[in-house]
Each structure stands twice: as C-alpha cells, then as structure tokens.
Amino acid sequence: MSYPFQINSLAQYHADYKAAAENPDAFWANVADNFCWRKKWDKVLGWNFTEPKIEWFAGAKLNITENCLDRHLEKLGDKPAIIWEPNNVDEPARTLTYKELHAQIIQFAQVLKNNNVNRGDRVCIYMGMIPELTIAVLACARIGAIHSVIFGGFSAQSIADRMQDAKASCIITCDGAFRGNKIIDLKAVVDDALLQENVVQKVIVFARTKTPVIMMDGRDVWWDDEMNKISITDFTVAEEMDAEDPLFILYTSGSTGKPKGVVHTCAGYMIWTTYTFVNMFNYQQGDVHFCTADIGWITGHSYIIYGPLAAGATSVMFEGIPTFPDVGRFWDIIDKHQVNILYTAPTALRSLMSFGNEPLQGKNLSSLKTLGTVGEPINEEAWHWYDDNIGKNKCPIVDTWWQTETGGCLITNLAGITPAKPSWATLPMPGVQPIIVDEKGEETSPNPSEGGALVTSGNLCIKAPWPGMLRTTWGDHERCRVNYFATYPNLYFTGDGALKDAEGNYRITGRVDDVLNISGHRIGTAEVENAINMHNGVIESAVVGYPHDIKGQGIYAFVIYNGEQMDDNILRQNIAATISKAIGAIAKPDKIQFVSGLPKTRSGKIMRRILRKIAEGETENLGDITTLLDPDVVAEIRDGKV
Ligand code: WT7
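Residues numbered from 1 in each chain as written. Predicted model: local features only at pLDDT ≥ 70, side-chain atom pairs only at ≥ 80, totals over all residues. Heavy atoms only, no water.

> I tried to follow the sheet that holds strand β30 (residues 552-561) on my own but got confused; where do I start?
Backbone hydrogen bonds are what pair the strands of a sheet, in a parallel or an antiparallel way. If you trace the three strands from one edge of the open sheet to the other, you get β29-β30-β31, paired in mixed fashion. Edge strands, defined here as strands with exactly one partner in the open sheet, are β29 (538-548) and β31 (591-594). Taking each pair of neighbouring strands and ignoring which way they run, the sheet shows an average axis angle of 20°. Bridge count between β30 and β31: four bridges; the pairing is parallel. What sits directly across from Phe558, in β31, is Gln593. Along the sheet face, helix α18 (residues 608-615) touches β29 and β30 and points at about 55° away from the line of β29. (Pairing = 2+ DSSP bridges. Helix = DSSP H or I, 4+ residues; strand = E, 2+ residues; numbered from the N terminus. Axes fitted to C-alpha atoms, helices over the stretch in contact; angles between N-to-C directions. Contact = heavy atoms within 4.5 Å.)

Printed below as a string of structure tokens:
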C-alpha cells in the first residue's frame, strides 16, 4: 500500500515539485491532512528570512508521539516498530511491536513526570544505541519536554557545555555501553561532567553493561526501579503541543565558537521527516529499514526514530560497530532481519570496501531493495562498489544531501523514481528551492565544464522555507540569524559548495566554511584549535582538513609549541589526549606538525588556504603569498615534518 503523499512516477515528481513551489500552503496542507491533529492549523506558512521567523501550521495542536505510535495501534499494533540488534552476537535480538513500544513510552513518560520533568524542560540523553534510548526520546516528546541527545563519543566537557547551554534539569544515561569489544563507562563520564555543572537535578540510569557505578543519593535513580514504581493507572495523557513548540535541541559544530543548539519544532519536523522518509526510499508498508547512524546525530533522529515511526515502518537499530565481531557484520544483519532498505555513510562503505570482497562470501543480501548514503560526498569508486557488490546492480542508490539544520533530506534522487547520477545528490525534494550564488550573492550562470557540459558552481543556498528547517539556535536567535541568514539577504546559506548541471542536478562539493567532515562527523576547526590551545606550552594552532581515503577528510593541525622540550611523538599524544578530553576522540588530529610560526596577513588573519594546500601535499603552487607578514614561514612549514 502506498501513502497518499507518495511520489509514484517521474511525471508525478515534476508535478508535485511544481505544485509545492507554486502553492506551498495548499501542497503542505494536503500532506498534513494525513496526520493526526488535536486541532488543525489556522495558517500553513508564515515566514521571513530576515529575523528570521518561520512558522508552519501555526495554531495547530498535536503530539508527535500520537502520530508515531497511537494512531498505528489499531492496524499495526503487532507489527515490529523497532528491531534491535545487540553489539554482541550471542545476545538475542529484541523486537518491540508498536503496542510494546507505546506501552514503554507512556510508562517512561510517567517516570519523567515523577522525577519532576515537565513540559518545556530540557532533558539530555547520553546513552548507547539500545531501545531505551528511543524510549527516552519519545517519552520526552510525550510530555513536551525538549530532548537533547548527546552522541556517546563526546567527552565530559562536551556534555557539561551542552547541559549548561540548554539548562537541562535531567540527564538520562546508562551504566555503560557495549561498542565492539569495549565497554564505554557512560555514567562515569556523566559524573565527571556534573562535577562542573549545577543545573542537573536528576540522573536516570539504565543498567545495560552491569558496570559498577556510583549513584549519588537523591540525584541518581535507576531506570528499572522508577519504571517498577508505576502502575498502569498512573499514566498521564500525551501533552497537547503547539505546532511550533520546540521538539528537540541537537548541538552541532559551526565555523566559530562552541557547538550551537539547533532547534526543531513539532509539526513541521514531523511532516518533513515522514514525507522525505517515504519518498526518498520509496518506502512500502512492510519494508524493513536499517539506518546505521547513531541516534546522537540528526540522521538517527530523523530516519531511525521519527520518520520511520510516523510512517508506521519497521526500523532496525544496531548497538554495535560495522567491524565487530568481523567486517561482515552489516551483511549478517541484513540477512538476519531481511532488511529491504540500507541507509549508511560513504565512510563506512569505503572502510568496508578496503577489506575486499572476501567478507561478502556466503552473504545473501537478496532482501535488499534500496540503498542510501548520507553525511558526505560519495566518491564514484565507493558508489560503484556499493552498487555492484551490495545492491548487485538491482537496487537504486539514493545519495541524500541534508544537514542537522534541515531536519530531513533536501536534495536526493528518489529510489526507482528519479534517475541516479553517481556522486551527485541530483534533484531537490518538492518544497525545496535551491539556488547557487557567488561570493556576492548573485545567482551564478553556467560555465562550460571540462567535459564541455554547462555546469554552474558556487555556494548552495535555499530560497524559501520547507517544513523541517531549523527555527532558531537555542538561547541565541541572533547566532542563528548571523550563521544562516546574514551571509546573503533573504537566503538560507547551507555552508556547502555545489555544482549544478544542465538538467538541474546538484552535486555537493563539500563545506566552504571552516567546518570539517571527518567520517561523516561534523567538527569545527575553531573547536579543535581551542582544545589544542588548552594544552600547556601551546602558543597557537591552526587546523585544516585534507583529503583522506577512508574518512573523507582528515584533521591536520599546525601547532606552535614553546613549552618544556620533549619527544615530538609524546607531545603529539599529549595534545591528542587534551583534545579527547575537551571534545572527544572523534576530534583527534590525524597529523600534527610543529611549526615556529603561522602564515598570517598583516591584519593578523591566518591564511588557511595556504595551510590547506600544504596539508594536501601541494608544494609548488601555494598561491599569492606576498600579502603575508612573514612569507618565509611558508617554506619552513612546507618543508617541515609531520
Ligand atoms: C553536512 C551536514 C545529513 C545528516 C548527516 C550529516 C555534508 C551531508 C551529504 C551528501 C555530500 C553531504 C554536507 C552538509 N553532507 N550529506 N549526500 N553529499 N555532502 O549532518 O552533521 O549536520 O552535516 O554534511 O557538507 O553540510 P551534519
């Protein structure tokens, strides 16, 4: 059975695209009619990109969890909502039907209430990939508390920063998390974070690894104990939320300062994640969907939890890592759970590809119908490997481009409906109006590319709002305006560069700002520099990205060190440890080069373009260096050792 808003043909894609552009109110009202509302909207869309102020479905009342759960119970109550695959292959998988997931969520929602969490309060969630993470997220949404999930790889300092910024009154965590053959002591990290933080009043701990933990009286409680205190008659009803009430905050890196809290709201986000989930994958009722992302990132929010559940789909959630117990793990999961849609990141594909095809021996993979990638540009080699060896040339591959800020996918081919073009994200979703501009904000015109075809290149912006876009950055609306809406008047600036071909296909070429994309993880160069500069004896540092075969980009740090002399490699390790502590292991540099100075303009600005070229291995063509304060430093850096 297809969905009323499902795009079933190329002609329909074009018709829907036109309809959504010409009359967004009518188009999105039609889509929204397929959801359950306590009260319908007074107005579909109101907006300006100058403040900015964006409102979708103003006046409507709803609870997103009633759309993800309650409304499916009658017909799909016994259908698996979540299939959970544990890290350890000896442990049985768990299936939660819609009925079971619903029951758990209303029960845990009551736990939150009993622990004094109420509508509008912020709750941080720092857990491994277990069903209780999904339960915690949806229980927050049930009572109108604003969740902020923190990826399990972030450090105590990062948690403290986020909790302080969000002024969270409660954090939900686990004793530990299984990851490959390691146990990560999550509760101990939270304890560390709470040493320097005083807004949190409650810590709810789920026992996953049975690692010994210290429980602080009055502050820390066990998940199971709290659940057991509740009887079925206690359950409160779902909170009636305004369409534009915040649903969650998710912190993400920018080109300056500390990560900012991207805010998504209830109705628009719900419509956008459901609409895009169904259409990009061409989801059919009964399909089993496996998104390999972590719920600590937006991909997990939108395409493990909200989009699939609102569509009544079956979503596979995997606790472990692709290489444990061996590099065939994804393929085993696909066969075991008869996965139809696989959604993963190019970095995972490149890493699995590097082991050759031997790990694919004996794997069937015939259940697969659709493949997807997300998070970074996919190179043609990885695309073809995916197509040949995983999809066996019979599964469409969707290359989905989007961002934490966009809530869901904006540019992609639609599986089996619109054509794929390797390494191109291709066409915008209905409702999305991209534009490519030059430095001055003028729309760029096509230039003949090397092959002779007409290609436009420049910075990617979006001209009008779509339902899933961010509304603000938590506690700092001005930061949202400056970051996304001030570079070019009346446009949302994505921070990405892009090409556009004569057929209207887009190819994303990567960030044009100081944001790095390391294995699909977004990290700001300024954040890494600040962390390095915290190390004793470091005078200054500059961080740039460079092309990396597996990770897409690697981190290259140039460091001026004037401290106590020691072995360079030990010093590198110490600096890496400082970064792990400040941010998390994901931000450790791949290369650290000690230098005596950095290339700076007379006004003191670091010329990153020169450092980027050196990091890429370029020695000859470093561009104009005459404006530098001290041009000699360039030769020294170029000839230096890593
Ligand atoms: C940045 C956003 C989208 C959810 C996961 C990442 C890059 C994302 C693609 C793609 C080329 C991509 C962009 C974007 N990116 N998808 N299909 N092709 N680049 O979300 O952490 O907010 O990062 O990831 O550079 O700006 P995020």
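> What is the right way to read helix α14 (residues 380-390) from this model?
For an α-helix, the turn length of 3.6 residues means that residues three or four places apart are oriented alike. Of the residues making up α14, those classed as buried are Ala382, Trp383, Trp385, Tyr386, Asp387, Asn389 and Ile390. If you follow the buried residues of α14, they end up packed against α12 (329-336), β18 (341-344), α13 (346-353), β19 (370-374) and β20 (397-400). (Buried < 20%, exposed > 50% of the residue type's maximum accessible area, 1.4 Å probe, protein only.)

> Hey, could you run me through the site of the ligand in this one?
Near the ligand there are 17 residues, and of these Asp399, Thr400, Thr404, Asp496 and Arg522 occur at the shortest range. The backbone of Gly375 places a nitrogen or oxygen atom 3.1 Å from a nitrogen atom of the ligand. In the model, an oxygen atom of the ligand is placed 3.4 Å from a nitrogen or oxygen of the Asn517 side chain. Among the secondary structure elements, those contributing two or more residues to the shell around the ligand are α11 (298-310), β20 and β26 (506-511). (Near = heavy atom within 4 Å. Polar contact = N/O pair within 3.5 Å; in protein donor to acceptor, adjacent residues only side chain to side chain.)

> When you look at the side chain of Lys260 in this model, what are you seeing that I'm missing?
Mapping Lys260 onto the fold places it in strand β15 (residues 260-265). Nearest to the buried, unbridged Lys260 among oppositely charged side chains is Glu405, at 4.8 Å. If we skip the residues at most four places from it in the chain, Lys260 touches Leu250, Tyr251, Thr252, Ser253, Gly254, Glu405, Thr473, Arg479, Asn483 and Tyr484. (Lys, Arg positive; Asp, Glu negative; His and termini not counted. Salt bridge = Lys/Arg side-chain N within 4 Å of Asp/Glu carboxyl O.)

> Help me understand the packing of aromatic side chains, please; the structure alone is not making it clear to me.
Each aromatic ring pair is summarised here by two numbers: the centre-to-centre distance and the angle between the ring planes. Evaluated as defined, the whole model comprises 42 aromatic pairs. Seen from their ring centres, Phe151 and Phe154 are 5.9 Å apart, and the 90° between their planes marks the pair as edge-to-face. For Phe151, a relative accessible area of 8% puts it in the buried group. Pairing Phe151 with Trp297 gives two aromatic rings, centres 4.7 Å apart and planes at 35°, and the pair type is tilted. In this pair, Phe151 sits in the loop between β7 (146-149) and α7 (156-166) while Trp297 sits in the loop between β16 (288-291) and α11, placing the two residues 146 residues apart along the sequence. Each member of the pair, Phe151 as well as Trp297, is classed as buried. Positioned above the aromatic ring of Trp84 is the side chain of Arg94, whose terminal nitrogen or guanidinium carbon lies 5.9 Å from the ring centre. One Lys or Arg, Arg162, reaches over the ring of Phe154 and ends 4.4 Å from the middle of that ring. (Phe/Tyr/Trp six-rings, centres within 6.5 Å; stacked < 30°, edge-to-face > 60°. Lys NZ or Arg CZ within 6 Å of the ring centre and 35° of its normal.)

> What's the story with the sheet that holds strand β17 (residues 314-318) in this structure? I'm lost.
Read from one edge of the open sheet, seven strands run β5-β4-β17-β16-β18-β19-β20, paired in mixed fashion. Every interior strand has two partners, whereas the edge strands, β5 (94-97) and β20, have only one. Strand-to-strand twist in this sheet, taken as the mean axis angle between neighbours without regard to direction, amounts to 20°. Sheet strands in contact with α14 are β18, β19 and β20, and its direction is about 155° off that of β19.

> For this particular structure, what's the right way to read the pattern of salt bridges?
Side chains bearing opposite charge may pair, as long as their charged atoms lie close to each other. Inspection of every chain in the model, using the stated rule, returns 35 salt bridges. As a salt-bridge pair, Lys18 and Glu22 come within 3.6 Å of each other at their nearest N and O atoms. Placement of the pair is Lys18 and Glu22 together in helix α1 (residues 10-22), with a separation of four residues, close to one helical turn. The class for Glu22 is exposed, based on a relative accessible area of 59%. Between Glu540 and Lys600 there is a salt bridge whose closest N-O contact spans 2.9 Å.

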